Amino acid sequence: MTLYSARMQGHDWNDLKYLLALHREGKLTQAGRTLGVSETTVARRVRGLEASIKTALFVRSASGRYEPTDAALKILPYAEAVEAGNLAISTVSGESAQRVTGSVRISSVPIIVNRFLVPNLATLERLHPNLSVELVPSSGNLDLFKREADLAVRFARPSGGGLRTKAQRLGKLSFAAYAPSSTSSDQDAALRWITYDEAHLDLPQARWLENAVKSSERRANLRIADAETGMRAVAEGIGKTLLPRAIASADPRVREVEFSGSARYPTREVWMLSHVDQTSRLSITAAKDWLINLNWTLGAT
């Protein structure tokens, strides 16, 4: 049997891990930290790979991140397949392949990141102390294919994404009316409703608030665009609004109030979006397991 060296087909297989690291981290320093080498080494190995295949693999964005070219995006699935094969070999040979390292980027709306993921992050850190987590608070839908995020957590099932993305339902969040803890229940009826701006009236909680305000002339001067702003506004005593129970119930600055109307509070499903080509990454698997096991259903019916 002929033994092949690591250098085949004009390129070094070992260079693929530098390609993957720079793609996942976006910066030379962070990629080097993940691999335990200097940023100079990462740059040199990526340049060597580009020279061997005669193709540019990254372009530098205005923010300083290294973004993959179209050619790199075509190569990455094959590089990840090689990575998965190496992990399988390590497992068979008895090496510690299950030690989760590297980093994972998780995107979600600000209130989920700030009020739900961050307080629960210690659990993930205890399980995987060598895993680096980047939380990206964003109300927009980041591009998983371009590595703007590895996992995205969203209210409602994500639309689109194509065949290379996978959506998984995490649970359901129930909303309820909340007022400042600094006020008494006798003042609840007099508190003004904090509603959403016109650009966000399609949200279930925004529609509920609009219907509630129709039967009441007490509308606060403040209009909001997201629940994170609503939470802060209620805590500051500006008025009352709808907030997700799983999050607001843990904040002593706000308290749930009774609503005398007949309309039922809305609920919203929570979904996780992932890239199907990254299923072999242990860091992704660890983060997904953590997200799945969080208590998303507090107060939901």
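Residues numbered from 1 in each chain as written. Predicted model: local features only at pLDDT ≥ 70, side-chain atom pairs only at ≥ 80, totals over all residues. Heavy atoms only, no water.

(A) Molecular detail of the side chain of R105. Considering the arrangement of structural elements, one finds R105 in strand β5 (residues 103-108). Looking at R105, its side chain comes within polar contact range of the side chain of E134, at 2.6 Å. (Helix = DSSP H or I, 4+ residues; strand = E, 2+ residues; numbered from the N terminus. Polar contact = N/O pair within 3.5 Å; in protein donor to acceptor, adjacent residues only side chain to side chain.)

(B) Representation of the packing of aromatic side chains in the model. Taken as a whole and judged by the stated rule, the model has three aromatic pairs. Measuring from ring centre to ring centre gives 6.2 Å for F155 and F175, while their planes differ by 55°; the resulting arrangement is tilted. Of the two residues, F155 sits in strand β7 (residues 151-155) while F175 sits in strand β8 (residues 165-180), which places them 20 residues apart along the sequence. Accessibility assignment for this pair places F155 and F175 in one class, buried. (Phe/Tyr/Trp six-rings, centres within 6.5 Å; stacked < 30°, edge-to-face > 60°. Buried < 20%, exposed > 50% of the residue type's maximum accessible area, 1.4 Å probe, protein only.)

(C) Fine view of the packing of helix α5 (residues 110-127) against helix α7 (residues 227-235). Where α5 contacts α7, the axes come no closer than 7 Å and their chain directions differ by 60°. Relative to α7, the element α5 lies oblique. Two secondary-structure elements touch here, α5 through P110, I111, N114 and R115 and α7 through A227, E228 and M231. For the contact of α5 with α7, the class distribution of residues is four nonpolar, one polar and two charged. (Axes fitted to C-alpha atoms, helices over the stretch in contact; angles between N-to-C directions. Parallel < 35°, antiparallel > 145°, perpendicular 65-115°, else oblique. Contact = heavy atoms within 4.5 Å. Nonpolar A, V, L, I, M, F, W, Y, C, P; charged D, E, K, R; others polar.)

(D) How the structure looks around the nonpolar core. In this structure, I106, I112, L117, L151, V153, L291 and W296 are the most contacted members of the largest nonpolar core, which totals 54 residues. The leading source of residues in this core is β8, at seven residues. Look past the residues within four positions of L291 in its chain and what remains in contact with it is I106, L117, L151, V153, L170, M272 and W296. (Core = buried A, V, L, I, M, F, W, Y, C linked by side-chain atoms within 4.5 Å.)

(E) Structural context of helix α9 (residues 282-292). Here α9 has its buried residues at S283, I284, A286, A287, K288, W290 and L291. Looking at the buried positions of α9, the neighbouring elements they touch are β5, α5, β7, β8 and β13 (267-275).

(F) Just the pattern of salt bridges, in detail. Under the definition given, this model contains twelve salt bridges. One salt bridge in this structure joins E80 and R24, with 3.6 Å as the shortest N-O distance. Here the residue E80 occupies a position in helix α4 (residues 70-92), and R24 occupies one in helix α1 (residues 16-25), the gap between them amounting to 56 residues. Judged on exposure class, the residue E80 and its partner R24 are both buried. When the shortest N-O distance is used, the salt bridge between R245 and E256 registers 2.9 Å. Taken as a pair, R245 in helix α8 (residues 245-248) and E256 in strand β12 (residues 254-256) lie far apart in primary sequence, eleven residues in all. Overall, the relative accessible area of 40% leaves E256 in the partly exposed class. (Salt bridge = Lys/Arg side-chain N within 4 Å of Asp/Glu carboxyl O.)

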